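Observations on the three-dimensional arrangement
The lines below spell out each chain.
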Amino acid sequence: MIIAPSVTFYGCCLEAVEFYSRVFPVESKTVLFFRDIQGPFAGWINPQNENLVYSALLKFYDGTTITFKDSLAMIYQDDGSQGKNKDNTIFEVLDLTREEIQHIYSAFMQDGAVSNIALGPRPNNQLYASLIDRFGVCWNLTGSID
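Below is a short write-up of the structure. Because the structure is predicted, anything quoted here is derived from the model rather than measured. (Residues numbered from 1 in each chain as written. Predicted model: local features only at pLDDT ≥ 70, side-chain atom pairs only at ≥ 80, totals over all residues. Heavy atoms only, no water.)

1. Focus on helix α3 (residues 98-110)
With 13 residues, α3 should cover 18 Å at 1.5 Å per step; its first-to-last C-alpha distance of 18 Å lies within 8% of that length. For α3, the complete set of buried residues consists of Ile101, Ile104, Tyr105 and Phe108. On an axial view of α3, the arc spanned by its buried residues comes to 95°, and they lie on one face. Residues of α3 that are exposed and point more than 90 degrees away from the buried face comprise Glu99, His103 and Gln110. (Helix = DSSP H or I, 4+ residues; strand = E, 2+ residues; numbered from the N terminus. Expected span 1.5 Å × (residues − 1). Buried < 20%, exposed > 50% of the residue type's maximum accessible area, 1.4 Å probe, protein only. Arc of directions from axis to C-beta.)

Listed below in structure tokens is the structure:
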């Protein structure tokens, strides 16, 4: 299991990354837009979101790397309504087994979390869920379908 923090935005990620790149000493910057996504996941992206930042990595000269992104989970829920998360920190919990993701998702939901994107399969052969815990923190869970 890997837990990776990300700083997320409501559609202004590119602007923020450009600003941070000017202010802080950055060794490298990589920006990937939703329109750049390849494979089965690509068909899942709404055309109105193609120019949003899927992932931007800033590697600072001290060795720190921070991920920035526009969060569709913050902007929209499954039904297209406004997302409930007003915090701009997301914890990405990656490489979970099927049992781990089901356990974590159930524990959060039983504790009063609100689901942005219900646990279910995604086109990239992964299980995925996004939820806001009762403290207002967003958690994205990604695991294996197998």
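Next comes the rest of the account.
2. Focus on the packing of aromatic side chains
Evaluated as defined, the whole model comprises seven aromatic pairs. Taking NZ or CZ as reference, arginine 35 lies 4.1 Å from the ring centre of phenylalanine 33, over its face. (Phe/Tyr/Trp six-rings, centres within 6.5 Å; stacked < 30°, edge-to-face > 60°. Lys NZ or Arg CZ within 6 Å of the ring centre and 35° of its normal.)

3. As for helix α1 (residues 13-23)
All of the buried residues along α1 are Cys13, Ala16 and Val17. Buried residues of α1, seen end-on, are gathered within an arc of 100° and therefore sit on one face of the element. For α1, the exposed residues lying more than 90 degrees away from the buried face are Glu15 and Arg22. On its buried face, α1 is in contact with β1 (2-9), β2 (26-33), β3 (53-60) and β4 (65-70). (Contact = heavy atoms within 4.5 Å.)

4. Some thoughts on the sheet that holds strand β7 (residues 126-132)
Two strands in a sheet stick together by hydrogen bonds in their backbones, pointing the same way (parallel) or opposite ways (antiparallel). Pairing is mixed across the open sheet formed by eight strands, whose spatial order is β2-β3-β4-β1-β5-β8-β7-β6. With partners counted over all chains shown, the strands left at the sheet margins are β2 and β6 (114-122), one partner each. If you compare each strand with its neighbour and ignore which way they point, the axes differ by 20° on average. Summarising the sheet, β6 and β7 pair through six bridges and their orientation is antiparallel. If you follow valine 114 over to β7, its bridge partner there is isoleucine 132. Against the sheet, α1 contacts β1, β2, β3 and β4, and its axis sits at roughly 170° relative to β2. (Pairing = 2+ DSSP bridges. Axes fitted to C-alpha atoms, helices over the stretch in contact; angles between N-to-C directions.)

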